[in-house]
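One-letter residues, chain by chain:
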Amino acid sequence: MTYPDLNQKIVLITGGAAGLGAAAAKAFLDEGCKVAIVDISADALAKTQADLGVGADRLIAITADVSKEEDVKRYVTETVTAFGSIDVFFNNAGIEGKVAPIVDQKTEDFDRVMSINVRGTWLGLKYVLPIMYAKKSGSIINTSSIGGLVAGPMPVSPYVTSKFAIHGMTRVVANEAAAYGVRVNSVHPSPVNTQMMRSLESGSGVSQEAIAATIPLGRYAEAVDIANMVLFLASEKSNFVTGSQFRVDGGMLS
């Protein structure tokens, strides 16, 4: 184990069926945690649950739409019912949305991204924080993006808007939560080698090789690179860290 203090901790992960969420679930399970993964696709959750290969005493899967308040209430309740509490919340669910200039985006394109990325993140905080407040401890990690720190050339205005919103949300909620001993931080990945980037590459017509060439370390991040940062922020090694933004970007914004 890299972080012995995480052993037996209860971890809730949204967007847990693939990409960063699935990688984080594996990383936390490897540390001895009990994990609840949440996603909108029951089939994808079932596959990930099977791939992770642990029993229901350590891993549960909850099908939910993070943009719906009743679903958020339910995934929090189901996690607490199964495991007794929530120690770590990886508030990760998000979508990239349509790749197109703003004049070619429809209002419904914008609304869909904002409902999942911003409303979903906000609702997760709203319903997880009381669990952590009651026990005066907890760590929350919100997934933003380097697109939540700078606006790059890719035409994804709804996505960038949503990730800047998560950046701001993290900072204000960290201030609110500090009095209860709860820490709230955000991770800001550069391009990660996941299905989301396949969609962005296809929509923009820019190749993986061309994008990777803009990253000083010369490659996309792997999902485990982000998971490693999430583990650190969940652990006691980061117990004086809150309201902060952690770039995992291979030097892209250096």
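For the structure, check the block above.
In this report, we go over the structure that sits alongside the text. (Residues numbered from 1 in each chain as written. Predicted model: local features only at pLDDT ≥ 70, side-chain atom pairs only at ≥ 80, totals over all residues. Heavy atoms only, no water.)

### Digging into the packing of aromatic side chains
For the structure shown, the criterion picks out one aromatic pair. With 3.8 Å between their ring centres and 15° between their planes, Y133 and Y180 make a pair best called stacked. One end of the pair, Y133, is in helix 4 (residues 107-135); the other, Y180, is in the loop between helix 5 (157-178) and strand 6 (182-189), and 47 residues separate them in sequence. One residue, K126, lies across the ring of Y127, its end atom 5.4 Å from the ring centre. (Phe/Tyr/Trp six-rings, centres within 6.5 Å; stacked < 30°, edge-to-face > 60°. Helix = DSSP H or I, 4+ residues; strand = E, 2+ residues; numbered from the N terminus. Lys NZ or Arg CZ within 6 Å of the ring centre and 35° of its normal.)

### Considerations on the pattern of salt bridges
This model, assessed by the stated rule, comprises nine salt bridges. The salt bridge partner of K135 is D87, with a shortest N-O separation of 2.9 Å. Linking K135 in helix 4 with D87 in the loop between helix 3 (69-83) and strand 4 (88-91), this pair joins segments that are 48 residues apart in sequence. D87 gets classed as buried once you look at its relative accessible area, which sits at 15%. D225 serves as the salt-bridge partner of R219, at 3.1 Å between the closest nitrogen and oxygen. R219 gets classed as partly exposed once you look at its relative accessible area, which sits at 43%. Here D225 falls in the partly exposed class, since its relative accessible area comes to 24%. Through salt bridges with shared partners, one network takes in D71, R74 and E78. (Salt bridge = Lys/Arg side-chain N within 4 Å of Asp/Glu carboxyl O. Buried < 20%, exposed > 50% of the residue type's maximum accessible area, 1.4 Å probe, protein only.)

### So, the sheet that holds strand 6
One open sheet holds the seven strands; their spatial order is 3-2-1-4-5-6-7, and the pairing between them is parallel. The strands lining the two open edges of the sheet, one partner per strand, are strand 3 (59-63) and strand 7 (245-248). Within this sheet the neighbouring strands show an average axis-to-axis angle of 20°, counted without direction. Taken together, the six bridges between strand 5 (residues 138-143) and strand 6 define a ladder with parallel strand orientation. What sits directly across from I140, in strand 6, is V184. (Pairing = 2+ DSSP bridges. Axes fitted to C-alpha atoms, helices over the stretch in contact; angles between N-to-C directions.)

### Thoughts on the packing of helix 1 (residues 19-30) against helix 8 (residues 223-234)
Packing of helix 1 against helix 8 leaves a shortest axis separation of 8 Å and a crossing angle of 55°. Classed by the angle they form, the pair helix 1 and helix 8 counts as oblique. Where helix 1 crosses over helix 8, the two elements pack in a sense that is right-handed. Residue-level inspection shows G19, L20, A23, A24, A27 and F28 of helix 1 in contact with helix 8, the latter providing A223, V224, I226, A227, V230, L231 and A234. Considering only residue class, the contact of helix 1 with helix 8 consists of twelve nonpolar, one polar and no charged. (Parallel < 35°, antiparallel > 145°, perpendicular 65-115°, else oblique. Left-handed = near helix turned anticlockwise from the far one by under 90°. Contact = heavy atoms within 4.5 Å. Nonpolar A, V, L, I, M, F, W, Y, C, P; charged D, E, K, R; others polar.)

### Notes on the pairing of strand 4
By the alternation rule, side chains of strand 4 split into V88 and F90 and F89 and N91, which are all buried. Note that strand 1 (residues 10-14) and strand 4 share three bridges and pair parallel. Pairing of I13 across the sheet is with F90, part of strand 4. Across four bridges, the pairing between strand 4 and strand 5 is parallel.

### Looking at the nonpolar core
Counting residues in each nonpolar core, the largest one holds 34 residues, and the members touching the most others are L12, Y75, L129 and I140. Elements with a minimum of two residues in this core: strand 1, strand 2 (34-39), strand 3, helix 3, helix 4, helix 5 and strand 6. Per-element tally for this core: the top contributor is helix 4, with eleven residues. Among residues more than four places away in sequence, those in contact with L12 are A36, V38, Y75, T79, I86, V88, F89, F90 and V128. (Core = buried A, V, L, I, M, F, W, Y, C linked by side-chain atoms within 4.5 Å.)

### Considerations on helix 4
Here helix 4 contains 29 residues, and its C-alpha end-to-end distance of 41 Å stays within 8% of the 42 Å for a straight helix at 1.5 Å per residue. At S115, helix 4 shows its strongest bend, of approximately 35°. Once helix 4 finishes, K136 follows within two positions and takes phi at roughly 60°, a positive value. (Expected span 1.5 Å × (residues − 1). Bend = angle between axes of the 7 residues up to and from the residue.)

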